[in-house]
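Coordinate inspection notes
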Amino acid sequence: MSVVVSGVSVLIPGADCAKALAAGPAPGAGPVEPAALVGKKGLRYKDRATQLGYCLTSAALADAGLLGEDGTASSEDVGVVVSSNYGNLDTVVRALDTLREGTVTATSPMDLPNASSNVIASSAAIRYGLRGPNLMVCNGATSGLDAVNWAVTMITAGRVDRVLVVGVEPDNDVVRRLLGGRHAVDGGAAVVLEDAEAARTRGARVRAVLGRYVRTAGVGAVLERLAASGAPAPAWWHLPDTPPVGVGAGLLPGVERTALPEHSGRASGALGVLQCATAVGLFDEGGAGPVFAVCGTDADDASAGLVLLPPPAPETF
């Protein structure tokens, strides 16, 4: 069974589409304004990550032709997997600070739903009528590609025909304290993954084809396994959030490298999905493939990799 990308959305400062992301987000851009994209209704009391998740969900479903006139998914057979490591950290810290300084009666009832780590995935599912399996992944450096793999697993296991995968990270004071003063990407990307036959049946436009996913210790080992998967030699290698120490000509010599620029901030759990969106942007512009996406460095507990292939010609799909 083949799994394809049939929709994509990107929202980070300096890039609001896959092509802009692939070209490189412009520096100095202002923050994303969710109310300008999905309206103010329903945003009050929602944390920044959930608001950004709403925007990404709406745009990706629309791009895939799955957003109905009523603003909800036009197909009931849509699951959702969200990746975020910092998502509701500000809400949790605020609640803990309140408990430490006062009592449980001082906490806000509006904060309680947002304290669940699954709040981004569940909120998107409720707002947009995504009735398939629902999963939140908070898995460190590899989280974004892990989320993509879980979505592929759901599809190939026959649980669902299509899954929305969202990778999002907010930027706020709490996150910056965790990152030692560095800022996070304050946005992310989403992709709609779909069983190839289901996409063909509804006449969806295929933007990329997913190849092998691997997860193991070490960037070099990940690249070796991806190369041994039978895919053609990569045209692009999308580097981890923090490029691994010592990466040089010895790893994929001659292969074009790309990475999220430093001014965009740490992508963390959003990175793997941003890498998939970058590949779509490259393919949309006629770029060659495959793309090897890698998350996690040798300093992390694991690294993950994914092969993304260009879409087939329409007449052969």
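Thresholds, definitions, all that
Residues numbered from 1 in each chain as written. Predicted model: local features only at pLDDT ≥ 70, side-chain atom pairs only at ≥ 80, totals over all residues. Heavy atoms only, no water. Helix = DSSP H or I, 4+ residues; strand = E, 2+ residues; numbered from the N terminus. Rg over C-alpha atoms; globule rule 2.2 N^0.38 Å. Buried < 20%, exposed > 50% of the residue type's maximum accessible area, 1.4 Å probe, protein only. Contact = heavy atoms within 4.5 Å. Areas by Shrake-Rupley, 256 points an atom, 1.4 Å probe, with all protein chains shown as cover. Lys, Arg positive; Asp, Glu negative; His and termini not counted. Charge placed at Lys NZ, Arg CZ, Asp CG, Glu CD. Pairing = 2+ DSSP bridges. Expected span 1.5 Å × (residues − 1). Arc of directions from axis to C-beta. Axes fitted to C-alpha atoms, helices over the stretch in contact; angles between N-to-C directions. Parallel < 35°, antiparallel > 145°, perpendicular 65-115°, else oblique. Left-handed = near helix turned anticlockwise from the far one by under 90°.

We now examine the overall build of the protein chain. The secondary structure content of the protein chain amounts to 10 helices and 10 strands. Since a compact globule built from 317 residues should have a radius of gyration of about 20 Å, the 19 Å found for the protein chain is in line with a globular shape. Each principal axis of the C-alpha distribution contributes one length, and for the protein chain these read about 60 × 50 × 35 Å. Considering the protein chain as a whole, with its 317 residues, one finds that 51% of them fall into the buried category. Expressed as a percentage of contacts within the protein chain between residues at least 6 apart in sequence, the contacts between residues at least 24 apart total 73%. Put simply, the protein chain shows about 13300 Å² of open surface, and 53% of that area lies on carbon and sulfur atoms. Of the charged side chains in the protein chain, 24 are positive and 31 negative, and the gap between their average positions amounts to 3 Å.

Moving on, we get to the pairing of strand E6 (residues 208-216). Relative to E6, strand E1 (residues 3-11) runs antiparallel, the two being bridged by two bridges. The partner of Val4 across the bridge, within E6, is Val209.

Here we take up helix H3 (residues 48-63). Between its first and last C-alpha atoms H3 spans 23 Å; for 16 residues at 1.5 Å apiece the expected length is 22 Å, and the two agree. Along H3, the residues classified as buried are Ala49, Thr50, Gln51, Leu52, Gly53, Tyr54, Cys55, Leu56, Thr57, Ser58, Ala60 and Leu61. Where H3 is buried, its residues touch E1, helix H2 (34-38), helix H5 (119-128), strand E4 (162-169) and strand E5 (187-195).

Attention shifts here to helix H9 (residues 219-227). For an α-helix, 3.6 residues make a turn, and residues three or four places apart therefore share a direction. Three or more residues of H9 are buried, namely Val219, Val222, Leu223 and Leu226. Seen end-on, H9 carries its buried residues on one side only, within an arc spanning 95 degrees. Packing partners of the buried residues in H9 comprise E6, strand E7 (236-238), strand E9 (291-295) and strand E10 (303-309).

Contact geometry for H3 and H5: axes closest at 9 Å, N-to-C directions at 45 degrees. Considering their axes alone, H3 and H5 lie oblique with respect to each other. By crossing handedness, the relation of H3 to H5 is classed as right-handed. Facing H3, whose interface residues are Ala49, Thr50, Gly53, Tyr54, Thr57, Ser58 and Leu61, H5 presents Val119, Ile120, Ser123, Ala124, Arg127 and Tyr128.

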